[in-house]
Amino acid sequence: MKIGISMSATASMGDFGVIAEKIESLGFDSVWLPEHPVMPVNHNSIYAGSSDGSIPEQMYLGVNPLIALSRASAVTTHLGLGTAVNLITEHNPLDLAKLIATLDFYSGGRFLYGIGTGWFREEAEIMGADFDHRWTQAREYVLAMKEIWTKEQAEYHGKYVDFPPIICNPKPAQTPHPPVLLGGNAKNVLKRVVKWGDGWLPIRLSPEEIVQSKQKLLELCDAEGRDPETIQITMHSIPADKQLISRFADAGVNRVLVGVSSVTPQDIFEELEQIAKTILGSN
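For the structure given in this document, a descriptive report is provided here.

The rules behind these values
Residues numbered from 1 in each chain as written. Predicted model: local features only at pLDDT ≥ 70, side-chain atom pairs only at ≥ 80, totals over all residues. Heavy atoms only, no water. Pairing = 2+ DSSP bridges. Helix = DSSP H or I, 4+ residues; strand = E, 2+ residues; numbered from the N terminus. Axes fitted to C-alpha atoms, helices over the stretch in contact; angles between N-to-C directions. Contact = heavy atoms within 4.5 Å. Buried < 20%, exposed > 50% of the residue type's maximum accessible area, 1.4 Å probe, protein only. Expected span 1.5 Å × (residues − 1). Phe/Tyr/Trp six-rings, centres within 6.5 Å; stacked < 30°, edge-to-face > 60°. Lys NZ or Arg CZ within 6 Å of the ring centre and 35° of its normal. Salt bridge = Lys/Arg side-chain N within 4 Å of Asp/Glu carboxyl O.

The strand order around the closed barrel formed by eight strands is S1-S2-S3-S4-S7-S8-S9-S10, and the pairing between neighbours is parallel. Neighbour to neighbour, the strand axes of the sheet diverge by 25 degrees on average, direction disregarded. Where strand S8 (residues 199-201) lies against strand S9 (residues 232-238), two bridges are found, and the strand directions are parallel. Along S9, the bridge assignment pairs Gly199 with Gln232. Lying over the sheet, helix H9 (residues 265-280) contacts strand S1 (2-6) and strand S10 (255-259), oriented at roughly 160 degrees with respect to S1.

Our next topic: the side chain of His177. Mapped onto the elements of the fold, His177 is located in the loop between strand S6 (162-166) and strand S7 (180-183). Judged by relative accessible area, which is 11%, His177 ranks as buried. When residues no more than four places from it in sequence are discounted, the contact partners of His177 are Lys146, Trp149, Thr150, Pro172 and Asp198.

Moving on: the environment of Ile166. Here Ile166 is to be found in strand S6. The partly exposed category is assigned to Ile166, whose relative accessible area is 22%. Sequence separation between Ile166 and Ile275 is 109 residues; the distance between their C-alpha atoms is 46 Å. For Ile166, the contacting residues outside a window of four places in its chain are Leu94, Ile148, Glu152, Gln153 and Ala154.

This part covers helix H5 (residues 134-150). In a regular helix each residue adds 1.5 Å, so 17 residues correspond to 24 Å; H5 covers 24 Å between its end C-alpha atoms and thus fits that length. Those residues of H5 not exposed but buried are Trp135, Gln137, Ala138, Glu140, Tyr141, Val142, Ala144, Met145, Lys146, Ile148 and Trp149. In this fold, the buried residues of H5 make contact with helix H3 (93-106), strand S4 (111-116), strand S5 (154-157), S6, S7 and helix H6 (189-196).

Moving on, we get to the packing of aromatic side chains. Counted by the stated rule, this structure contains six aromatic pairs. Relative to Tyr106, the ring of Phe105 has its centre 5.4 Å away and its plane inclined at 65 degrees; by these criteria the two rings are edge-to-face. Owing to a relative accessible area of 67%, Tyr106 belongs among the exposed residues under this scheme. Between the aromatic rings of Trp135 and Trp196, the centroid separation amounts to 6.3 Å while the plane-to-plane angle is 45 degrees, which identifies the pairing as tilted. Residue Trp135 is found in helix H5, and its partner Trp196 is found in helix H6; the two are separated by 61 residues along the sequence. Each member of the pair, Trp135 as well as Trp196, carries the same accessibility label: buried. Among the aromatic side chains, those forming a connected cluster through ring pairs are Tyr47, Trp119 and Phe120. Geometry around Phe131 places Arg134 over its ring, the cationic atom sitting 3.9 Å from the centre.

This part takes up the pattern of salt bridges. Applying the stated criterion to the full structure yields nine salt bridges. Note that Glu208 and Arg247 form a salt bridge whose closest N and O atoms lie 2.7 Å from each other. Of this pair, Glu208 sits in helix H7 (residues 207-224) while Arg247 sits in helix H8 (residues 242-251), and the two are 39 residues apart along the sequence. On the basis of relative accessible area, Glu208 is assigned to the partly exposed category, the value being 43%. Under the relative-accessibility criterion, Arg247 is labelled partly exposed at 36%. By sharing partners, the salt bridges in this structure join Arg121, Glu125 and Asp132 into a single network.

Here's what the structure looks like:
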């Protein structure tokens, strides 16, 4: 099973390329970055990832993940470059398709596209997303982007995305395109994955829940006539617990992302080295 790193990237950390070099040198499969384009000052939304609903300070400090991953691609040779997650509905899909294709092209096919639609209503609405129908919107964005990535002349006609034949280059290095992994544990996420995704990026689930979800995926794939082997599962942000990782492997997870919480370069390096020693057996 593949072992990646999930973390935030902030300006205070300095050159993210240096951190990416370290992650690759220690033997990790990939690095994955989150995204919040803006953070509203006034809001009523509650963050589910903390016990009291408060928003961690790191969320206010994050850099643009695609630019940070571009920097990482320039100084690494085989490290996977992922988003966990890109808030797809908070972008223009045509512009986003070109940005992603360019990153994949220059990195030699190393981009891994984890997407989400977010929990932060106020942020989504500021960025122009239809928050109440955000996964319907996300579906159109993904289908339109796949048209752009795979067709010399692409067009798409939907409710949220509607454009005539266009030419948009470069094409991604990966064939047919970078894998699109749908993030989260929403009620219908597995149906969406089977119908128009390439993988699943769950968070805060147990190995036992993954086993149950895998069975549901098999049933959905059978109903849709899809090969379940075409769907990869990447478990988002788990602790550096070798036994737990082994259980996820037994449950059928293809990749786990070990979370890094440090915020200064020195502390990040030390935490990465400790994770590598614990999980990968690196010295």
